[in-house]
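Summary of the model geometry
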Amino acid sequence: MSTQIERERESETETESEADAVTELPSAQEARMRKKAEARADREERAREEAQERADAEDSYHLKVFRYDPEVEGKMEPRFDDFHVPYESGMTVLDALIYARDTFDSSLTFRHSCRQAICGSDALFVNGSQRLGCKTQLSDLDQPVRIEPLPHSEVEKDLVVDMEHFYDQMESVEPYFQTNDLPEGELEEQRQTPENREKVKMSTRCIWCGACMSSCNIAAGDNEYLGPAAINKAYRFAMDEREGEDMKQHRLNIIEQEHGVWRCQTQFSCTNVCPKDIPLTEHIQELKREAVKSNLKFW
Amino acid sequence: MSQSYDRGLVEDFGRWKEFSAGMWAWVFHKFTGWVLVGYLFTHISVLSTAVSAAGNTRAIEAQNDVYTVVISTLESLLVVRILEVGLLAVAVFHILNGCRLLLVDLGVGLDAQDKSFYASLVLTGAIVVASVPTFLEGVF
Ligand code: HEM
Ligand code: SF4
Ligand code: FES
């Protein structure tokens, strides 16, 4: 495994400092500490061995994980590491990565937080498709399970990519409610009809994971293209009747610019990969039609 | 984090095995569209041999004017007949998938976009196979 070198170095430094400590303070306390440390190291080693044995013996999953670290010499050249993770029923790709990191290689780096498909931080490229690690069952995948960082974004380290550009595109469509169509009375609520809520329902579900943007061949070639998630965000507000006509026009102006909806070539990649099942292509197409309608004039 | 590793275009091309229906439809549509444009030019250049043949009544009656000679020479070649079958395939797919794209633009049947792509392929295949006897007639 890749970290062998590192681990060796670690243990070297550990023994060194221990040796120093022993010569300086040969107290009973030190001896106890050393014994404990040895026992701990033993235990960890045993756990690792056991895990390896278990992985060899039973049902284990073979992961091939993309590794790259620009800051460590010898890891600057991207490569794939193999991990054999003992399978437990219900195990997701994220679970397997966490296991691999905690058991085999603590330098393995990836983002995750909620583990329930709502924070949007673990979109990965798994077996050739953008998926959320925490929402993808290992049992649905062929082995070896190839895990890579999202394509079409710069890799920072291992599975971590730079999301800045994606966030910029999201911000550029003004992803917040705004209106100059306020109801009478200061404390009056801004009500939405159930039908209108139903219309925007799916579009509100975006978790900003970036899977769609990464899958999009057009976004890959045109860095300025707003991308499916940002357009979907624009849809969510443009279709919200509470924002009023002026605001809708403003939103259509944003999405019909040169690198807006018209770049979409209806490849359906985004719709296929969206972990929240948002019908992205449908929303983009509807905005195209809205944009045409608002520009058509019959004199 | 000043450096980062850009995996570049090479790997993008390596992804074709992972394309889904909509992506293939797009690739094929581009390809067939440009083949049709290419054909349009050859078509015009072949047909324009008629310009120099025009008015030469005796040659036309004897069927040895430039235009007739060019056309009958081309049609006697097996390659040309096979290319014609290919052209039909390309045109039929482009038209069928073009209709599919029009429906997609209208927001009709978006859930079945992959099925309509497969349907375009199957229909294209069937039409092309059915046309083979006509296209290859008399060339052997
Ligand atoms: C009934 C016949 C045809 C139909 C229904 C049709 C339909 C379409 C449609 C819907 C598009 C897609 C535009 C898009 O959304 O990207 C397209 C693209 C294209 N068509 Fe056709 N087409 C037909 C005939 C032709 C012919 C005869 C030619 C060539 C002379 C041609 C050349 C092209 C090209 C080059 C493109 C690609 C443009 C691009 O780069 O996106 N088409 N066609
Ligand atoms: S639209 Fe779907 S795939 Fe795209 S960022 Fe939002 S949740 Fe992720
Ligand atoms: S960990 Fe939050 S979406 Fe997967």
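Bear in mind that the values here come from a model prediction, so they are computed numbers and not experimental data. (Residues numbered from 1 in each chain as written. Chains lettered and ligands numbered in written order. Predicted model: local features only at pLDDT ≥ 70, side-chain atom pairs only at ≥ 80, totals over all residues. Heavy atoms only, no water.)

1. Focus on the UniProt feature "domain: Succinate dehydogenase/fumarate reductase N-terminal" (unreviewed entry) in chain A
When the UniProt feature table is mapped onto this chain numbering, "domain: Succinate dehydogenase/fumarate reductase N-terminal" (unreviewed entry) sits at residues 62–167 of chain A. The straight-line gap between the two end C-alpha atoms of residues 62–167 of chain A is 33 Å; of that span, 14% is helix and 29% is strand. (UniProt positions renumbered as here; feature names shortened; annotations may be inferred. Helix = DSSP H or I, 4+ residues; strand = E, 2+ residues; numbered from the N terminus.)

2. What to know about the environment of M213 of chain A
Residues and elements named next belong to chain A. You can see M213 is positioned in helix 6 (residues 211–215). Remark: the alpha-carbon pair of M213 and D142, spanning 71 residues in sequence, is separated by 25 Å. Those residues in contact with M213 that lie beyond four places of it in its chain are H165, F166, Q169, A219, Y225, L226, G227 and P228. (Contact = heavy atoms within 4.5 Å.)

3. Details of the site of ligand 2
Taken together, the neighbourhood of ligand 2 is formed by 14 residues, with C206, C209, G210, C212 and C274 of chain A sitting nearest. Taken together, the residues of the shell around ligand 2 sort by class into 12 nonpolar, 1 polar and 1 charged. (Near = heavy atom within 4 Å. Nonpolar A, V, L, I, M, F, W, Y, C, P; charged D, E, K, R; others polar.)

4. Quick notes on the site of ligand 1
In the vicinity of ligand 1, the residues found are Q265 of chain A together with H29, K30, G33, W34, L36, V37, H94, I95, G98 and L101 of chain B. Looking at the residues close to ligand 1, they fall on chains A and B. H94 of chain B is positioned with one of its side-chain polar atoms (N or O) 2.8 Å from a nitrogen atom of ligand 1. For the shell around ligand 1, the leading source of residues is helix 2 (residues 21–47) of chain B, giving 6 residues. (Polar contact = N/O pair within 3.5 Å; in protein donor to acceptor, adjacent residues only side chain to side chain.)

5. What to know about the coordination of the iron atom of ligand 1
Coordination of the iron atom of ligand 1 by the protein comes from a single atom, H94 of chain B (NE2), at 2.0 Å. Secondary-structure assignment places H94 of chain B in helix 6 (residues 78–106). (Donors = N, O, S within 2.8 Å, 3.2 Å for Na, K, Ca; no water.)

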